[in-house]
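# Structural characterization, general
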Amino acid sequence: MAMKPLDTQLAEHQRTAEALARRTAELEEARSFLDSVLENLPVMLFVKDARDLRFVRWNRAEEEALGIDRAAAIGKSDYDFFPPEQAGFFAAKDRAVLEGGRMVDIPEEAIQTAHRGLRYLHTIKVPVFGADGKPKYLVGISEDITERKRAQEELARAREQEVEIGFRIQQTLLLDQPPRDLPGVRVAALTIPSQRIDGDFYDFFKHMDRCLDVIVGDVMGKGIPAALLGAATKSHFLQALSRLISLAAPGTLPEPKDIVTLAHSEVARQLIELESFVTVCYARFDLEKRRVDFVDCGHTTTIHFQARTGTCALLRGENLPLGVREHEIYEQVRVTLEPGDVLLFYSDGLTETRNGDGELFGIERLAECVRQHGHLDPEALIDQIRQAAVAFSNSETFGDDLTCVAVRIEERELPLARAEIEMSSDLRELERARDFVRDVCRKIPAPPVDEETISQLELAMTEAASNVMRHAYRGRGDQLIQLSAEVFEDRIVLRLHHLGGTFDPEAVKPPVFDGSEEGGFGMYIIAQSVDEVRYDRDERGRNRISLVKNRRAV
Amino acid sequence: MEMATEKTGDVTVVVLPGEQLDASNAKDFKRDIAAVLEPRGKFVFDLGGLQFIDSSGLGAILSCLRRLNADGGDLKLCGMSKPVRALFELVRMHKIFDIYGTKEEAIRAFVK
């Protein structure tokens with residue numbers, strides 16, 4: 001091989017040296033560029049030596065976030081700064097990265113900082129391999145997510161609280177218990193609350209044992225505002241009802257359309273101002289005449305299951321929802337009913353339930369479900385409806401509250417005899433109360449009531465009436481007590497109605513039988529003399545004591 | 001209330017007036033009987049005319065027993081009608097009172 005001339009060699013050497021210098025300069029530049037990038041990254045970055053997990057790099061963001069200078073960090077390990085359990089957690093993750101040879105994402109790790117207390121980091125750890133294919137370094141990048149985490153927790157807490165408040169408003173203010181002891185009708189109600197409460201509400205008013213008013217409503221919107229509007233609307237109905245009852249001729253009831261019109265006149269302006277509205281169905285069941293008068297104010301179509309034909313009819317009114325137009329006059333519609341007929345009221349949360357394909361459950365499916373199961377008890381019918389909605393949407397939870405009320409007309413059990421009297425709260429009237437009981441019992445068609453039963457009823461009535469006079473009316477003799485008696489095939493029901501203080505049977509001490517106490521036997525005597533004692537309020541808001549005595553089978 | 005009393009030896013028999021003793025007249029009864037009861041007295045209450053008694057009436061009779069017992073006297077009852085007896089049994093007062101069918105039996109029980 002021929003030698004190159006020296007000058008050529010020198011020139012080549014020169015070029016090589018220049019290239020090397022240039023390359024070195026380029027590398028230097030790249031390195032300082034990288035340094036600068038790493039240094040100024042707004043995320044925390046460290047590099048550990050894969051052999052001993054000691055820090056070899058520590059950027060400014062690390063310094064600031066953890067309060068540890070790089071001079072203090074370089075050459076040290078996690079165990080030098082952090083509590084043992086935290087350092088152990090970090091080291092375990094490091095080993096997972098190095099042994100697995102791939103990136104590990106740690107969505108949340110707690111870290112005790114020197115100057116800012118406990119912080120939470122989102123960290124990604126990546127292995128960096130050497131020429132031998134083995135991990136040489138471990139790079140960690142972290143982001144401080146403490147503030148975000150706190151904000152999320154706050155938000156979750158606030159949501160939870162809203163759901164809780166909403167649920168309580170619903171249970172205490174919006175939903176009433178369906179009546180259970182009304183002859184001639186059976187009522188069942190169901191609510192499945194959603195995550196965010198709606199303003200669905202329902203209420204029941206009994207008028208003696210002859211009529212039952214059912215109100216179901218749905219407020220536009222969601223959340224606590226809707227729930228409060230629902231509660232307000234509901235109370236306006238109660239107010240309108242009691243005002244009109246006080247104006248009505250004795251023995252008559254105000255018409256549903258007048259109740260709705262009056263309630264609406266009270267609530268319309270507020271609803272319009274709040275840009276909300278309420279759909280309502282007010283239905284009055286006359287259990288003796290077997291018919292329903294209802295005022296539908298833009299509510300979902302009521303389904304009427306007709307037992308005789310086994311078909312469903314849809315009942316719809318023409319009225320606007322409440323809060324659409326002030327001074328609206330509401331009209332009512334009358335439908336006759338037969339035993340076995342069912343009326344189903346529901347919120348649109350039911351018919352607007354969707355399946356996976358976005359289809360609505362819809363009124364046809366609902367009516368079909370009612371047609372199939374209309375012969376069941378209202379509770380069982382409603383359960384079938386719930387199951388159908390769950391099966392359709394393939395979910396146990398719903399986007400909207402799902403409320404449903406079923407009212408079924410039954411063969412009405414008419415009392416064989418019935419009587420009422422009114423007396424003053426003077427203790428001298430006790431004898432009259434007993435005479436009333438005895439008279440009713442004597443007039444009962446065969447079989448006659450035996451003397452022992454009459455005595456027990458007289459005793460229970462005396463004790464109850466004397467409690468009302470002495471305690472509920474605090475000994476005032478100028479107040480009124482109404483007594484009523486109803487005799488059925490299998491039982492006698494005595495009732496006392498009064499406007500005195502409410503009595504809490506739970507607060508009564510048990511009687512003492514050793515002769516050391518002269519009083520405290522009244523409640524015990526009542527309980528022992530009849531088969532059932534009930535304290536509640538009647539349809540006029542009076543306190544009512546019901547004494548039920550079963551008749552012996554003959 | 002006028003209390004009709006008769007003495008047989010040292011036993012005083014009181015015939016309870018009226019057909020009923022309830023919350024309407026129990027207070028009057030307590031007041032009027034107080035004038036009749038005396039310390040260490042031996043008393044028989046004849047309940048024969050009583051058709052109805054309630055917890056207040058029973059409480060009034062119980063107060064007589066307690067008062068007499070406290071003063072060294074005693075009280076026995078007799079002549080209870082069925083409904084009156086039923087109430088005494090209901091609140092287990094038949095175990096607290098000495099109860100006899102007739103007034104003669106009650107008086108004899110004192111003499112023994």
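For clarity, every value in this text was computed on a predicted model and none was experimentally measured.

## Quick look at the overall build of chain A
- Along chain A, the regular secondary structure elements total 13 helices and 20 strands.
- Buried positions account for 46% of the 554 residues belonging to chain A.
- Partitioning the contacts of chain A with sequence separation of at least 6, the portion at a separation of at least 24 is 63%.
- Carbon and sulfur atoms form 52% of the exposed surface of chain A, whose accessible area is close to 28,900 Å².

## Side note on the interface of chain B and chain A
- Each partner contributes to the interface: chain B provides 22 residues, whereas chain A provides 25 residues.
- Here chain B packs against chain A, burying approximately 1,800 Å² in sum over the two surfaces, 60% of which is carbon and sulfur.
- Three residues, F52, S55 and L90 of chain B, lead the burial of chain B against chain A; their summed loss comes to 25% of the area buried on that side.
- Close ionic contact of R434 of chain A with D22 of chain B constitutes a salt bridge, the shortest N to O distance being 2.9 Å.
- Secondary structure elements with two or more residues in the side of chain B that touches chain A: β5 (52-53), α2 (55-70) and α3 (82-90) of chain B.
- When grouped by side-chain class, the residues that make up the side of chain B that touches chain A number 11 nonpolar, 6 polar and 5 charged.

## What to know about helix α12 (residues 451-472) of chain A
Residues and elements named next belong to chain A.
- Across its 22 residues, α12 extends 30 Å between first and last C-alpha, which sits within 8% of the 32 Å expected from 1.5 Å per residue.
- Within α12, 18 of the 22 residues are buried, which leaves the element mostly enclosed by the surrounding structure.
- Phi for R474, located one or two positions after α12, is positive at around 50°.

## Side note on unusual backbone geometry
- Of note in this structure, N394 of chain A is not a glycine but carries a positive phi near 55°.
- Tracing the chain through its elements places N394 of chain A in the loop between α10 (378-393) and β15 (402-409).
- With relative accessibility at 71%, the residue N394 of chain A sits in the exposed group.
- In this structure, R40 of chain B is a non-glycine residue whose phi angle is positive, near 55°.
- Mapping R40 of chain B onto the fold places it in the loop between α1 (26-34) and β4 (42-46).

## Brief notes about the sheet that holds strand β6 (residues 74-78) of chain B
Residues and elements named next belong to chain B.
- Pairing is mixed across the open sheet formed by 5 strands, whose spatial order is β1-β2-β4-β6-β7. Each having just a single partner strand, β1 (4-8) and β7 (98-100) make up the two edges of the open sheet. Each adjacent strand pair in this sheet contributes to an overall mean axis angle of 25°, direction not counted.
- Here β1 pairs with strand β2 (residues 11-15) via 5 bridges, running antiparallel. Looking at the pairing, A4 lines up with V15 of β2.

## Considerations on the side chain of H497 of chain A
Residues and elements named next belong to chain A.
- If you trace the backbone, H497 turns up in strand β18 (residues 491-498).
- Within polar-contact distance, the side chain of H497 engages the side chain of R542 at 3.5 Å.
- Other than its neighbours up to four places away in sequence, H497 contacts L480, I481, Q482, S484, D538, R542, N543 and R544.

## So, a nonpolar patch on the surface
Residue and element names in this part refer to chain A.
- A surface patch of nonpolar side chains, amounting to about 230 Å² of accessible area, comprises M220, F277 and V324.
- Relative to the helices and strands, M220 resides in the loop between β8 (211-219) and α6 (223-247).
- We classify M220 as partly exposed; its relative accessible area is 39%.

## Examining the sheet that holds strand β19 (residues 532-537) of chain A
All names here are of chain A.
- The strand order across the open sheet formed by 5 strands is β16-β17-β18-β20-β19, and the pairing between neighbours is antiparallel. One side of each edge strand has no neighbouring strand; the edge strands of this open sheet are β16 (417-424) and β19. Averaged over all neighbouring strand pairs, the angle between strand axes comes to 15°, with direction disregarded.
- In this structure, β19 lies alongside strand β20 (residues 543-550), joined through 6 bridges in antiparallel fashion. Each bridged residue has a counterpart across the sheet, and for R534 the counterpart in β20 is S546.
- In the packing of helix α11 (residues 430-443) onto the sheet, contacts are made with β16, β17 (480-487) and β18, and the angle to β16 comes to roughly 170°.
- Sheet strands in contact with α12 are β16, β17, β18 and β20, and its direction is about 15° off that of β18.

## Digging into the confidence of the model for chain B
- Model confidence for chain B is summarised by a mean pLDDT of 93, while 100% of its residues fall at 70 or above.
- The ipTM assigned to the predicted complex is 0.94, against a pTM of 0.52.

## Description of the environment of H207 of chain A
All names here are of chain A.
- One can find H207 in strand β7 (residues 201-207).
- We classify H207 as buried; its relative accessible area is 5%.
- Along the primary structure H207 and L253 are separated by 46 residues, whereas in three dimensions their C-alpha atoms are 8.2 Å apart.
- Side-chain polar atoms of H207 contact the side chain of D213, separated by 2.8 Å.

## Concerning the side chain of T403 of chain A
- Summarising the element assignment, T403 of chain A is placed in strand β15.
- If we ignore the near neighbours within four places in the chain, the residues touching T403 of chain A are L190, T191, D200, Y202, F345, Y346 and S347 of chain A.

## Considerations on the nonpolar core
- With 51 residues, the main nonpolar core has V214, F237, Y282, F285, L322, F345 and V405 of chain A as its most contacted residues.
- In terms of residue count, α6 of chain A provides more of this core than any other element does, 8 residues in total.
- When residues no more than four places from it in sequence are discounted, the contact partners of F237 of chain A are I215, I259, V260, A263, V280, Y282 and L322 of chain A.
- The next biggest cluster of nonpolar side chains, apart from the first, holds 36 residues, and it includes V14, F29, L58 and A60 of chain B.

## Some details on the packing of α1 of chain B against α2 of chain B
Residue and element names in this part refer to chain B.
- Between α1 and α2, whose axes approach to 9 Å, the crossing angle comes to 20°. When the axes of α1 and α2 are compared, the pair comes out roughly parallel. Note that α1 runs across α2; the crossing there is right-handed. Side by side, α1 and α2 meet where A26, F29, K30, I33 and A34 of the first sit next to S56, G57, A60, I61, S63, C64 and R67 of the second.
- In the contact of α1 with α2, the residues fall into 7 nonpolar, 3 polar and 2 charged.

About the cut-offs
- Residues numbered from 1 in each chain as written.
- Chains lettered and ligands numbered in written order.
- Predicted model: local features only at pLDDT ≥ 70, side-chain atom pairs only at ≥ 80, totals over all residues.
- Heavy atoms only, no water.
- Helix = DSSP H or I, 4+ residues; strand = E, 2+ residues; numbered from the N terminus.
- Buried < 20%, exposed > 50% of the residue type's maximum accessible area, 1.4 Å probe, protein only.
- Contact = heavy atoms within 4.5 Å.
- Areas by Shrake-Rupley, 256 points an atom, 1.4 Å probe, with all protein chains shown as cover.
- Buried area = accessible area lost by both parts, 1.4 Å probe.
- Salt bridge = Lys/Arg side-chain N within 4 Å of Asp/Glu carboxyl O.
- Nonpolar A, V, L, I, M, F, W, Y, C, P; charged D, E, K, R; others polar.
- Expected span 1.5 Å × (residues − 1).
- Pairing = 2+ DSSP bridges.
- Axes fitted to C-alpha atoms, helices over the stretch in contact; angles between N-to-C directions.
- Polar contact = N/O pair within 3.5 Å; in protein donor to acceptor, adjacent residues only side chain to side chain.
- Patch = residues over 30% accessible without salt bridge, like charges linked within 9 Å, V, L, I, M, F, W, Y side chains within 5 Å.
- pLDDT = per-residue confidence, 0-100.
- Core = buried A, V, L, I, M, F, W, Y, C linked by side-chain atoms within 4.5 Å.
- Parallel < 35°, antiparallel > 145°, perpendicular 65-115°, else oblique.
- Left-handed = near helix turned anticlockwise from the far one by under 90°.

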